[in-house]
Amino acid sequence: MAVRGDFRDDPFLARLADQEPSAWFNPAVTTTAAGLVASELSSDIVDDAAARLERFAPWIAQAFPETGDARGVIESPLHAAPDMQRELGLTAGRLLLKRDDVLPVSGSIKARGGVHEVLEYAESLVMEAGLLPSPAEVGESTNRAAENDTDTVQSLTPGLTVAGHEDEVAGITDYRVFSSDPFRELMAEHRVVVGSTGNLGLSIGITAAALGLQATVHMSTHAQAWKKELLRSLGVEVVEHSTDYTAAVEAGRKAAQADPTTHFVDDEHSVSLFAGYAVAGRRLARQLANQEITVDVDHPLFVYLPCGIGGAPGGVAYGLKLEFGDAVHCVFAEPTAAPCMMLGVYTGLHDEISVAELGLDTHTVADGLAVGRPSGFVGRRMQGLIEGYYTVADQRMKDLVKALYATEGILAEPSAAAALDGPQWITTDADYRQRMNLTDQRLQNATHIAWLTGGGMVPEEIQRSYLA
Ligand SMILES: *Cc1c(COP(=O)(O)O)cnc(C)c1O
């Protein structure tokens with residue numbers, strides 16, 4: 001544990017401790033082929049999650065009418081942002097925004113993983129109870145589900161018509177039965193528990209409430225009041241903890257373990273969350289293809305993903321690598337006060353080190369990113385596939401929130417705005433460009449995607465306060 005105590009001998013760690021905005025491109029990053037093997041994860045988990053989301057789409061369309069046009073597929077738009085691109089001074093390539101801030105259900109990236117895990121739990125309950133045959137028994141084909149998914153993503157792209165419901169998967173029970181009495185009675189006997197600083201709790205709580213599941217969300221007292229109020233208004237139990245986030249998660253885990261009718265959503269280790277996030281990869285591939293944007297080694301794709309504990313950006317990065325291989329560069333953004341994933345991967349200590357050991361307190365305006373200790377699951381499995389990490393100071397995030405509003409009229413959370421700081425690190429890091437053979441011509445052909453991870457449910461007055 002060389003870093004302990006004498007970390008200031010390492011100039012890079014000293015910079016992190018001094019909260020100087022920094023980037024680190026991991027020299028140990030591998031090819032996609034090698035990284036996928038090292039991850040010890042199977043792409044089956046992504047196929048499985050995509051098929052599950054497809055089975056639930058009719059129910060989702062009914063429970064969350066805002067997904068109606070997309071036929072129950074929870075997806076967000078992808079569009080160019082030429083004015084913001086000019087503001088950032090990005091002259092080569094194009095900047096696109098991935099608008100998870102307007103993702104249906106909970107207005108943040110958590111509507112990908114969180115919704116999926118609650119649906120998986122609900123589905124397992126009804127199958128155990130014999131209320132539904134398992135998908136394997138009715139011979140459902142994952143490919144068929146993936147096709148429907150594709151149609152729907154096309155429908156999110158302006159200019160394409162929305163297909164009807166006529167191509168319903170044959171032989172599969174219509175999952176709108178989840179709204180029927182026997183299903184809801186079964187749900188009412190079960191509970192979902194999660195420890196969350198905010199957005200994950202929202203997505204889990206909202207989905208659980210819609211299914212009729214009981215839900216408990218353990219939160220830090222620092223979590224924003226409106227999030228707690230919103231959950232309580234849905235009948236979700238909110239338990240507040242005055243200690244830190246990790247302690248809140250532990251409390252949730254303990255309470256859940258004691259009870260077989262309870263499912264604990266484990267932000268640090270959950271494969272179900274991870275798989276739900278990873279479905280974004282194939283959806284994004286469709287959207288880029290529909291916009292006739294080429295991605296290959298000569299037309300690289302850079303994706304900037306705000307990172308808290310690492311589950312959401314880790315899962316999305318996994319899905320992106322499955323689609324684009326070595327043509328995509330995944331770069332994580334963290335606050336200067338909480339660079340937990342960067343520290344964990346850089347030191348090789350993963351979840352065995354906290355930013356507190358650098359004297360950092362995780363106090364940041366970036367709500368979802370105030371995490372001191374990363375997911376060891378994501379850090380260990382994904383380290384070969386994540387090209388780089390950078391930190392952003394609070395003031396810079398606030399400036400980016402303002403600039404995004406001024407140029408594009410979009411009100412994102414400070415956490416989400418951290419993604420916009422990514423391109424400058426790529427364009428100015430000569431070592432990384434050389435190592436990855438990123439020639440001027442390739443950067444001219446590049447696509448940069450800032451993943452706007454949240455903001456959609458933030459109350460207007462709080463959004464305004466970010467602009468003040
Ligand atoms: C949760 C969250 C993230 C990061 O996700 P992790 O799984 O915690 O890494 C980024 N942005 C927003 C807005 C979030 O809510």
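Sequence order as written defines the numbering, with residues in each chain counted from 1. With the structure being a predicted model, the display of local features is reserved for residues of pLDDT at least 70 and the display and counting of side-chain atom pairs for 80 or more, all residues being used for whole-chain, interface and lining totals. Side-chain measures here rest on the full set of heavy atoms in the structure, leaving out hydrogens and waters.

Going by an unreviewed UniProt entry, the chain carries the name Probable D-serine dehydratase and comes from Kocuria carniphila. UniProt positions are given in the numbering used here, feature names are shortened, and annotations may be inferred rather than shown by experiment. Turning to the chain, the UniProt record has this under Cofactor (unreviewed entry): "pyridoxal 5'-phosphate". Here is the UniProt Catalytic activity (unreviewed entry) comment for the chain, exactly as written: "D-serine = pyruvate + NH4(+)".

Turning next to the overall build of the chain. Numbering of helices and strands starts at the N terminus; helices are DSSP runs of H or I of at least 4 residues and strands are runs of E of at least 2. Summing up its helical and strand segments, the chain has 21 helices and 11 strands in all. With a 1.4 Å probe rolled over the protein chains alone, any residue whose accessible area is under 20% of its type maximum counts as buried; one over 50% counts as exposed, and the rest are partly exposed. By residue count, 59% of the 468 residues in the chain fall in the buried class. Only heavy atoms matter for contacts: two residues are in contact if any of them lie within 4.5 Å across the pair. Of the contacts formed within the chain by residues at least 6 apart in sequence, a portion of 76% connects residues at least 24 apart. On the chain, roughly 17,500 Å² of surface is accessible, and the fraction owed to carbon and sulfur atoms is 50%. For every accessible area listed, the method is Shrake-Rupley and the probe measures 1.4 Å; residues are considered covered only by the protein chains on display.

Attention now goes to the site of the ligand. Residues are classed as near a molecule or strand on a simple rule: at least one heavy atom within 4 Å of it. If you check the shell around the ligand, you find 15 residues, and the closest are Lys-110, Asn-199, Gly-308, Gly-310 and Thr-453. Residues adjacent in sequence count toward polar contacts only when both atoms are side-chain atoms; beyond that, a polar contact is any pair of N or O atoms within 3.5 Å, and within protein one must be able to donate a hydrogen and the other to accept it. Contact between the ligand and Lys-110: an oxygen atom at 2.8 Å from a side-chain N or O atom of the residue. A distance of 2.7 Å separates an oxygen atom of the ligand from a polar atom in the backbone of Gly-308. Of the pockets mapped on this structure, the ligand occupies the largest cavity. Here the shell around the ligand gets 3 residues from one element, more than from any other, and that element is helix 13 (residues 311-324). Classifying every residue of the shell around the ligand by side-chain character gives 6 nonpolar, 7 polar and 2 charged. In this analysis, the protein atoms alone were mapped onto a 1 Å grid. Cavities are point sets where a 1.4 Å probe fits without being able to get out; pockets are open sets with protein on both sides within 12 Å along at least five of seven lines; lining residues have an atom within 4 Å of a point. Each molecule is checked against the cavity or pocket grid, and it sits inside if more than half of its atoms lie within 2 Å of the grid points. Charged means Asp, Glu, Lys or Arg here, nonpolar means Ala, Val, Leu, Ile, Met, Phe, Trp, Tyr, Cys or Pro, and polar covers whatever is left, Gly included.

The next subject is helix 11 (residues 271-278). Across the 8 residues of helix 11, 7 count as buried, placing the element largely inside the fold. For helix 11, the complete set of buried residues consists of Ser-272, Leu-273, Phe-274, Ala-275, Gly-276, Tyr-277 and Ala-278. Capping the start of helix 11, Ser-270 holds a side-chain oxygen 3.3 Å from the backbone nitrogen of Ser-272, two or three residues further along.

Moving on: the sheet that holds strand 6 (residues 237-241). Strand order in this open sheet of 4 strands is 6-5-4-7, and the pairing throughout is parallel. A single partner strand is all that each edge strand has here, and the edge strands are strand 6 and strand 7 (262-265). Ignoring which end each strand starts from, the neighbouring axes of this sheet average 20 degrees apart. Think of it this way: DSSP has to see at least two bridges between two strands before they count as a pair. Note: strand 5 (residues 214-220) against strand 6, 5 bridges, orientation parallel. Residue Val-217 lies in a different strand from strand 6, and its bridge partner there is Val-238. The axes used here are C-alpha line fits, helices contributing only the stretch in contact, and every angle between their N-to-C directions lies in the interval 0 to 180 degrees. Packing of helix 5 (residues 110-128) onto the sheet brings it into contact with strand 4 (191-195) and strand 7, and relative to strand 7 it is tilted by some 155 degrees.

Bringing the pattern of salt bridges into the picture now. Here, a salt bridge means any side-chain nitrogen of Lys or Arg that lies within 4 Å of a carboxyl oxygen of Asp or Glu. Here the structure, examined in full by the defined rule, presents 28 salt bridges. Measuring nitrogen to oxygen at the nearest pair gives 2.8 Å for the salt bridge that ties Glu-123 to Arg-55. Of this pair, Glu-123 sits in helix 5 while Arg-55 sits in helix 3 (residues 44-63); the two residues are 68 residues apart in sequence, bridging distant segments of the chain. Arg-55 shares its class with Glu-123; the two are buried. A salt bridge links Glu-75 to Lys-98; its shortest N-O distance comes to 2.8 Å.

Another point: empty space enclosed by the protein. Grid points are joined across faces, edges and corners, and a volume is the space filled by probe spheres set on the points. Taken as a whole and assessed by the stated rule, the structure comprises 4 cavities of 30 Å³ or more. Computed from the structure, the largest cavity encloses a volume of approximately 270 Å³. Residue lining of the largest cavity: 24 residues in total, with Lys-110, Gly-308, Ala-312, Gly-368 and Leu-369 positioned closest to the centre. The residue makeup of the lining of the largest cavity, split by class, is 10 nonpolar, 11 polar and 3 charged. Size it by volume and the second largest cavity reaches roughly 80 Å³. Around the second largest cavity, the lining residues are Leu-53, Ile-60, Gly-72, Val-73, Ile-74, Ala-111, Arg-112, Gly-276, Val-279, Ala-280 and Arg-283. Among the elements of the structure, helix 3, helix 5 and helix 12 (280-290) are those that each provide at least two residues to the lining of the second largest cavity. Residue composition of the lining of the second largest cavity, by class: 7 nonpolar, 2 polar and 2 charged.

A positive phi angle, near 55 degrees, is found at Glu-292, a position not held by glycine. Tracing the backbone shows Glu-292 in the loop between helix 12 and strand 8 (301-306). Unusually for a residue other than glycine, His-350 sits at a positive phi of about 50 degrees. The topology assignment puts His-350 in the loop between helix 14 (340-347) and helix 15 (376-382).

What follows deals with the confidence of the model for the chain. Scored from 0 to 100, pLDDT records how confident the predictor is in each individual residue. In the predicted model, the chain carries a mean pLDDT of 90, and 90% of its residues have values of at least 70. Predicted confidence for residues 140-148 stays below pLDDT 50, and this span has 17 contacts to residues more than four positions away or in other chains. Here residues 152-170 is a poorly scored stretch, pLDDT under 50, and it has 35 contacts once near neighbours within four places are set aside; other chains count.

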